[in-house]
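Coordinate inspection notes
Take a look at the letters that make up each chain.
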Amino acid sequence: MEFDDVQVAGEKNYPKRDEIPIQYGTAGFRTKGNRLEHVIYRMGVLAAIRSACKNGAAIGVMITASHNPEEDNGVKLMDPMGEMLGPEWEKYASDVANVPSNELGSVFQTLVKTLGVTSLQNSLVVFARDTRPSSPVLAEALEAGIKAAGAQFQNFGLLTTPQLHYIVRCINTNGQYGKPTEEGYFEKLTEAFIKLRNMRKMKKMKTLESYTSCLYVDAANGIGAQKVPILQSKLGELLKISLVSDGSGRLNHECGADFVKVQQKPPTGVTLVPGQRWASFDGDVDRIVYYFSGVSDNQFHLLDGDKIATLVAGYLKDLVLETGLPLNLGLVQTAYANGSSTNYITKTLKVPVACVPTGVKHLHHKAQEFDIGVYFEANGHGTTLVSDSSYELLQNATKDTAKSDQQREACDLLLSVIDLINQTVGDAISDLLLVEMILATYDWDVEQWNKAYTDLPNRQLKVKVKDRSVIQTTDAERKAATPPGLQSAIDETVAKYVSGRSFVRPSGTEDVVRVYAEADSQASADELANEVAVLVYRMAGGIGEEPQL
Ligand code: NG1
Ligand code: ZN
C-alpha cells in the first residue's frame with residue numbers, strides 16, 4: 001500500500017498551517033476552526049486505518065467543539081461500539097496531526113506496516129458535524145482524507161454527537177442496537193419513553209398552580225435547536241418542550257449547559273418564572289443540566305450532573321430490587337462531583353461510588369465494571385451502562401415462570417428503561433427523557449427532586465500559566481503531585497474553611513489550569529477558590545494579572 005497520493009493531496013489542498021503542536025486530548029483535537037483543516041484531512045486517513053484494524057467495522061468521526069466558543073472546532077474518533085477512540089491510538093492521532101506535510105506519506109506508511117494493515121478498500125468511516133460556521137469546510141477536508149485513503153464513507157450531515165455514537169454502534173451490531181439512522185434513533189428513544197409513560201406506576205404530572213408540565217430547553221444555539229422539534233413531533237402532548245437559544249444567537253454564547261453550570265445562573269436574557277422546569281444542552285447535545293427558580297425562595301437552583309446521577313441511580317436501585325435479580329449497581333463520578341452528592345449516594349442511597357480522573361473515557365471504562373454502571377460528570381455529561389450478561393439475564397427473567405408477576409414486570413420495565421438510554425455516550429436528549437420519565441413516575445416536580453440533598457456552595461476558576469503541564473496530579477486528580485509544595489500549600493489553605501475542599505488540574509481542552517473549591521458558604525467557596533488560584537499563579541508560573549483576593 002502506498003500513501004503517495006495521500007501526501008500529494010494533503011500537501012496541495014490541506015497543508016500544515018502552523019508549527020504549534022496539537023494533541024489529541026480529553027475530547028479529541030480542539031482549537032480554532034481555521035487551524036484544523038489539515039488535522040481533519042489526516043484524521044480521515046487515520047480513521048480508515050483504524051477501521052481496517054477492526055476488520056472493516058465502521059469508525060465514526062464527529063466534527064464539533066462541544067461547549068467551546070463558536071470560532072473553535074474539533075474532531076474526535078469513535079470506535080466500533082460507539083465508544084471513544086481506544087487510548088492507545090491517541091498517540092498515533094497526535095503524531096499524524098503534527099508531522100510536516102512532506103512526511104505525511106511515510107508516516108502513514110510506517111503506521112500501516114506496524115499495524116499489519118494491507119488494504120483500506122473495505123474500511124468504512126461515517127461522519128457528521130455540528131452547526132459551527134467552520135464545520136462544512138472541515139467535513140470536506142475529512143471526506144478528502146477518506147477518499148485519498150481509498151476507503152468507503154457515509155456522511156450523515158448535521159447530527160448531535162451522541163446520535164453519531166449511536167449510529168456507529170447500530171451499524172456494527174447489524175442493527176441489533178437499533179436502526180442506523182437519525183429516524184431510528186428517535187424511534188428507539190421515543191418508543192421506549194411512550195411505553196414507559198404508559199406502564200404501571202405512571203401518574204399524571206401534578207398541576208401545581210405555579211408548576212407547568214412544559215419543559216423549557218436552552219439549546220445553546222447549537223445542533224440541539226434543530227433536533228428538539230423532531231423529538232417534539234414524536235412526543236406530541238406527552239411532553240411539551242419550549243425552545244430558547246434556538247439557533248438565532250451565537251453558539252454557546254451566554255447560554256448552554258457549560259455557561260449555566262459554571263456561572264450558576266440562567267442563560268442571559270432568560271427570566272425564570274418560579275416553578276418552571278428548565279434544561280440547558282451544550283452545543284453538541286452530550287451534556288444537560290436542569291434548573292429552576294424556587295417557588296418559595298425565588299432563588300436559582302441548579303440540578304447538575306450529580307443531581308441527575310443520584311436521581312437515576314436511586315430509581316434504578318429500587319427497580320433492580322423489584323426484579324429480585326442479583327445485579328450490582330454502581331455510580332462513577334469525578335473530583336468535580338459535589339461533596340454532598342457523594343455523601344448522599346453512599347449514606348442514603350447506599351450505592352457504591354467510584355471516583356476517576358476527568359474525561360468521559362475514564363468514567364465509561366469504570367462504569368463497565370458494574371452490572372449497571374451510572375456515570376456522570378458534574379457538568380451534565382453522563383449515561384448508564386448495562387452489561388450484556390445483565391441484559392440477557394433480564395430478558396430471560398421476563399419469561400421465567402418461577403418469578404412473580406411483579407418481578408417479571410419490573411424486568412420488563414427495566415428493559416424499556418435501558419432502551420431509553422443511549423449507552424454509547426452521554427446524551428442530553430436521552431438523559432432528558434430519562435429524567436422526565438422518572439419525575440413522572442415519582443410524581444415529582446423539580447423542587448421535590450432538588451430536596452434529595454443540598455449542594456455545598458462551590459466555585460470554579462481558571463488560571464493562565466506559561467506551561468500547564470508543570471501541574472501533575474494523582475489520586476483521581478484530587479492531589480497535585482507537582483510542582484513541589486503546591487499540594488501542601490493547598491492543604492493548609494483548605495484547612496481554614498469549614499467543609500472546605502479544593503483541587504487543581506490542567507485542563508485537557510483549554511490552555512488553563514482549573515481550580516475547584518467548595519465550602520460551607522458561597523462567600524467561603526469563592527474565597528477559597530481565589531486563594532488557591534493565587535497559589536497556582538505564584539507556584540506554577542502564572543501569566544497575566546495575578547488573581548485578585
Ligand atoms: P477539561 O477542559 O479537561 O476540564 C472539560 C470538562 C470535562 C469534559 C471535557 C470534554 C469540566 C471541569 N471539564 O475538560 O469534564 O467534559 O471538557 O468536553 O467540566
Ligand atoms: Zn459536548
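For clarity, every value in this text was computed on a predicted model and none was experimentally measured. (Residues numbered from 1 in each chain as written. Chains lettered and ligands numbered in written order. Predicted model: local features only at pLDDT ≥ 70, side-chain atom pairs only at ≥ 80, totals over all residues. Heavy atoms only, no water.)

With that out of the way, let us pick up unusual backbone geometry. At the junction of T482 and P483, the peptide bond is cis and its omega measures out at -5° in the coordinates. With respect to the element layout, P483 can be found in the loop between β17 (479–482) and α17 (486–494). Phi is positive for Q264, which is not a glycine, with a value near 55°. Along the polypeptide, Q264 turns up in the loop between α9 (256–263) and β8 (277–281). (Helix = DSSP H or I, 4+ residues; strand = E, 2+ residues; numbered from the N terminus.)

Turning our eyes to something else, we now look at the environment of L316. Here L316 shows up in helix α10 (residues 305–323). With a relative accessible area of 2%, L316 lands in the buried category. Residues L316 and I372, spaced 56 residues apart in sequence, show a C-alpha to C-alpha distance of 8.7 Å. Contact partners of L316, with chain neighbours within four places excluded, come to L329, I372, V374, T384, L414 and V417. (Buried < 20%, exposed > 50% of the residue type's maximum accessible area, 1.4 Å probe, protein only. Contact = heavy atoms within 4.5 Å.)

Before going further, it helps to examine the site of ligand 1. The environment of ligand 1 is formed by 15 residues, the closest being E377, S507, G508, T509 and R514. For ligand 1, an oxygen atom lies 2.7 Å from a polar atom in the side chain of E377. Taking 430 Å² as the accessible area of ligand 1 by itself, protein coverage stands at 93%. When the residues that make up the shell around ligand 1 are grouped by side-chain class, the tally is two nonpolar, eight polar and five charged. (Near = heavy atom within 4 Å. Polar contact = N/O pair within 3.5 Å; in protein donor to acceptor, adjacent residues only side chain to side chain. Areas by Shrake-Rupley, 256 points an atom, 1.4 Å probe, with all protein chains shown as cover. Nonpolar A, V, L, I, M, F, W, Y, C, P; charged D, E, K, R; others polar.)

Within the protein, the atoms that donate to the zinc ion (ligand 2) are S66 (OG), D282 (OD), D284 (OD) and D286 (OD), at distances of 2.0 to 2.1 Å. Classification of the site at the zinc ion (ligand 2) rests on its four donor atoms, whose angles at the metal span 87 to 161°, yielding the label irregular. Donor residues for the zinc ion (ligand 2), ordered by position in the chain, follow S-x215-D-x1-D-x1-D. Within this pair, whereas S66 is found in the loop between β2 (58–63) and β3 (72–78), its partner D286 is found in the loop between β8 and β9 (288–293), the two being separated by 220 residues in sequence. You'll find S66 and D286 in the same group, each marked buried. (Donors = N, O, S within 2.8 Å, 3.2 Å for Na, K, Ca; no water. Tetrahedral: all angles 85-135°; square planar, octahedral: opposite > 155°, others 65-115°.)

For the protein, mean pLDDT is 95; residues scoring 70 or higher make up 97% of the total. Counting interchain partners and residues more than four positions distant, the pLDDT-below-50 stretch residues 202–211 has 28 contacts. (pLDDT = per-residue confidence, 0-100.)

In this section: the packing of helix α2 (residues 37–53) against helix α5 (residues 135–148). Contact geometry for α2 and α5: axes closest at 7 Å, N-to-C directions at 35°. Crossing of α2 against α5: the hand is right-handed. Within the contact between the two elements, α2 uses E37, I40, Y41, M43, G44 and V45 and α5 uses V137, L138, A141, L142, A144, G145, I146 and A148. Among the residues making up the contact of α2 with α5, the classes are represented as 11 nonpolar, two polar and one charged. (Axes fitted to C-alpha atoms, helices over the stretch in contact; angles between N-to-C directions. Left-handed = near helix turned anticlockwise from the far one by under 90°.)

Applying the stated criterion across every chain yields a total of 32 salt bridges. We note a salt bridge from D130 to R132, for which the minimum N-O separation is 2.8 Å. As far as the burial class goes, D130 and R132 line up, both buried. We note a salt bridge from K462 to E510, for which the minimum N-O separation is 2.9 Å. Here the residue K462 occupies a position in strand β15 (residues 458–463), and E510 occupies one in the loop between β18 (501–506) and β19 (513–518), the gap between them amounting to 48 residues. It is possible to trace a salt-bridge network through shared partners that takes in R50, D79 and E88. (Salt bridge = Lys/Arg side-chain N within 4 Å of Asp/Glu carboxyl O.)

Spatially, three strands are ordered β15-β19-β18 in an open sheet, and the strand pairing comes out antiparallel. Single-partner strands in this sheet number two, and they are β15 and β18. The average angle at which neighbouring strand axes cross in this sheet is 15°, direction not considered. The pairing of β15 with β19 spans six bridges and is antiparallel. When the bridges of β19 are listed, V463 appears paired with V513. Of the strands in this sheet, β15, β18 and β19 touch helix α18 (residues 522–539), which is tilted by about 20° from β15. (Pairing = 2+ DSSP bridges.)

For the rest of this paragraph, the subject is the domain arrangement of the protein. As assigned here, the protein comprises domain 1 (4–172), domain 2 (186–302), domain 3 (305–430 + 437–450) and domain 4 (458–539). Each of domain 1 and domain 3 has a C-alpha centre, and these two points are 33 Å apart. Taken together, the contact pairs 10 residues of domain 1 with 11 residues of domain 3. Between the two partners, domain 1 and domain 3, sit one salt bridge. Summed over the shared surface of domain 1 and domain 3, the number is two residue pairs in polar contact (both at pLDDT 80 or more). (Domains from an automatic or database assignment.)

For the rest of this paragraph, the subject is the nonpolar core. As a rule of thumb, nonpolar side chains are buried together in soluble globular proteins. Y290, L414 and V417 are the most contacted members of the largest nonpolar core, which has 80 residues in total. Ignoring any residue separated from it by four or fewer positions in sequence, one finds Y290 in contact with L215, R277, W278, A279, H301, L302, L303, I308, L432, V435, E436 and W449. Counting 42 residues, the second largest nonpolar core, distinct from the first, contains I40, I59, W89 and L120. (Core = buried A, V, L, I, M, F, W, Y, C linked by side-chain atoms within 4.5 Å.)

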